[in-house]
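Chain residues, written in single-letter form:
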Amino acid sequence: MRLSHLNALRALDATLRHGSFSEAAVELAITPAAVGQRVRSLEQYLGRDLFIRSSTGIEPTSEAQSVADQLTQGFSKVAGALETLTPKKRDGALRVTLPESFSENWLAPSLSDFHLQNPEVELHLDASNRDMDLMTDEFDLAIRYGPTSGEQFEERVLFGDYVLPVCSPEFANRFKLVPQRRSLDGVPLVHITHRTKDPGWVGFQAWGEAFNFDPSHLTQGIRFSRTGSGLQAAIAGQGLVLCGVVEASNALRSGSLILPFGPQLKFQTRYKYRLIWTRSRAMSAALNKFVTWMVERSTEFRDELSALLR
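Before going into details, it helps to say that this report is about the structure given with it.

### Considerations on the packing of helix α6 (residues 100-107) against helix α11 (residues 245-254)
Their axes nearest at 8 Å, the elements α6 and α11 cross at an angle of 30°. Between α6 and α11, the angle is such that the two are roughly parallel. Of the two possible hands of crossing, α6 and α11 adopt the one that is left-handed. Side by side, α6 and α11 meet where Ser101, Phe102, Asn105 and Trp106 of the first sit next to Val246, Glu247, Ser249 and Asn250 of the second.

### Details of the packing of helix α2 (residues 21-28) against helix α3 (residues 32-46)
Closest axis-to-axis distance for the α2/α3 pair is 8 Å, and the angle between their directions is 100°. For the element pair α2 / α3, the angle class is roughly perpendicular. Across from Phe21, Ser22, Ala24, Ala25 and Leu28 in α2, the residues of α3 making contact are Pro32, Val35, Gly36 and Val39. When the residues that make up the contact of α2 with α3 are grouped by side-chain class, the tally is 7 nonpolar, 2 polar and no charged.

### Some thoughts on unusual backbone geometry
Even without a glycine there, the phi angle at Lys176 is positive, about 50°. Positionally, Lys176 belongs in the loop between α8 (169-174) and β8 (189-192). You will see that Asn212, though not glycine, has its phi angle at about 65°, which is positive. When you line up the elements, Asn212 lands in the loop between α9 (204-210) and β9 (222-224).

### Quick look at the nonpolar core
Phe102, Ile143, Leu184, Trp207, Leu240 and Met294 are the most contacted members of the largest nonpolar core, which totals 63 residues. With 8 residues, the top contributor of residues to this core is helix α12 (residues 285-308). Leu16, Leu42, Phe51 and Ile58 belong to the second-largest nonpolar core, a separate cluster that totals 19 residues.

### Things to note about the sheet that holds strand β6 (residues 153-159)
The mixed open sheet is built from 5 strands, whose spatial order is β4-β3-β5-β12-β6. Looking at the sheet topology across the chains shown, the edges are occupied by β4 (122-127) and β6. The average undirected angle you get between the axes of adjacent strands in this sheet is 25°. Strand contacts of α6: β3 (93-98), β4, β5 (141-146), β6 and β12 (272-278), with the helix running at about 110° to β3, the strand carrying the most contacts.

### Brief notes about the pattern of salt bridges
Counting across every chain of the model gives 14 salt bridges. The closest approach of N and O atoms between Glu154 and Arg156, which form a salt bridge, is 3.9 Å. Exposure remark for Glu154: the relative accessible area of 27% places this residue in the partly exposed category. By relative accessible area, Arg156 is classed as partly exposed at 35%. With a shortest N-O distance of 3.7 Å, Glu300 and Arg297 are connected by a salt bridge. Within this pair, Glu300 and its partner Arg297 are both found in helix α12, separated by 3 residues, close to a single helical turn. On the basis of relative accessible area, Glu300 is assigned to the partly exposed category, the value being 44%. Taken together, the shared-partner salt bridges connect Arg40, Glu43, Asp49 and Arg53 into one network.

Cut-offs and rules
- Residues numbered from 1 in each chain as written.
- Predicted model: local features only at pLDDT ≥ 70, side-chain atom pairs only at ≥ 80, totals over all residues.
- Heavy atoms only, no water.
- Axes fitted to C-alpha atoms, helices over the stretch in contact; angles between N-to-C directions.
- Helix = DSSP H or I, 4+ residues; strand = E, 2+ residues; numbered from the N terminus.
- Parallel < 35°, antiparallel > 145°, perpendicular 65-115°, else oblique.
- Left-handed = near helix turned anticlockwise from the far one by under 90°.
- Contact = heavy atoms within 4.5 Å.
- Nonpolar A, V, L, I, M, F, W, Y, C, P; charged D, E, K, R; others polar.
- Core = buried A, V, L, I, M, F, W, Y, C linked by side-chain atoms within 4.5 Å.
- Buried < 20%, exposed > 50% of the residue type's maximum accessible area, 1.4 Å probe, protein only.
- Pairing = 2+ DSSP bridges.
- Salt bridge = Lys/Arg side-chain N within 4 Å of Asp/Glu carboxyl O.

This is the structure in structure tokens:
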């Protein structure tokens, strides 16, 4: 058996699944240029183009698209074989990769409940904003905010999200923020930049336009790249922050943040939070316990969210 260009084939597989070099680069933890170079080297080896390139992006050729499932299934089998050969870790260990802001602002305050119910599970959380490749990286489970995953994965949908402004009660009183107000003139705003690629996520401008706010006062304020920093600024009374209600839910529950314009001025997003793991790996007892707990907790949270936004 002769097999070559494995890195190039992985780049092709990731690009076909994600639809762009930049998205594939996030999964593979390399630069978009490196993904493009690997695909180009494969094209040169095969003597044919695999993508049609234009100023608006890339489109796979019919030949490339015809092998997409074979590539994904093939790498899934390779990952399964590696899993079989890898010395088994202790039964109670579980490695989970998840978004940093979700870990800090939603999951962490609830984890003591999981530990009390399952003290034998040794939980390792890797909180980062990089999508780890579950086919090759040493993670048992991913929590991701995004669209549905490919056929090589099992998944459970947890819940969606809503974008809406929050602030401290003192800040709302100081700047007279009430549901009827439709101008943010003079109000310090806290913007969260690079939050997500969700096409349904909005910033202050799009949110304000949707609810008839004066468009000339929607860009002032400070900008954070991390949701946690923006929420802490809002809790400290530094500004009005536009964020996902999922990440703000614990602060809203405690009363350190409020919805100054009420629950009606919310913007529903398109992506959802999901639990994802590979089909090729046997489901361990620890994984089953964590998935069961997360599904139960998410059901409770959806009820809480419905009551909050009613």
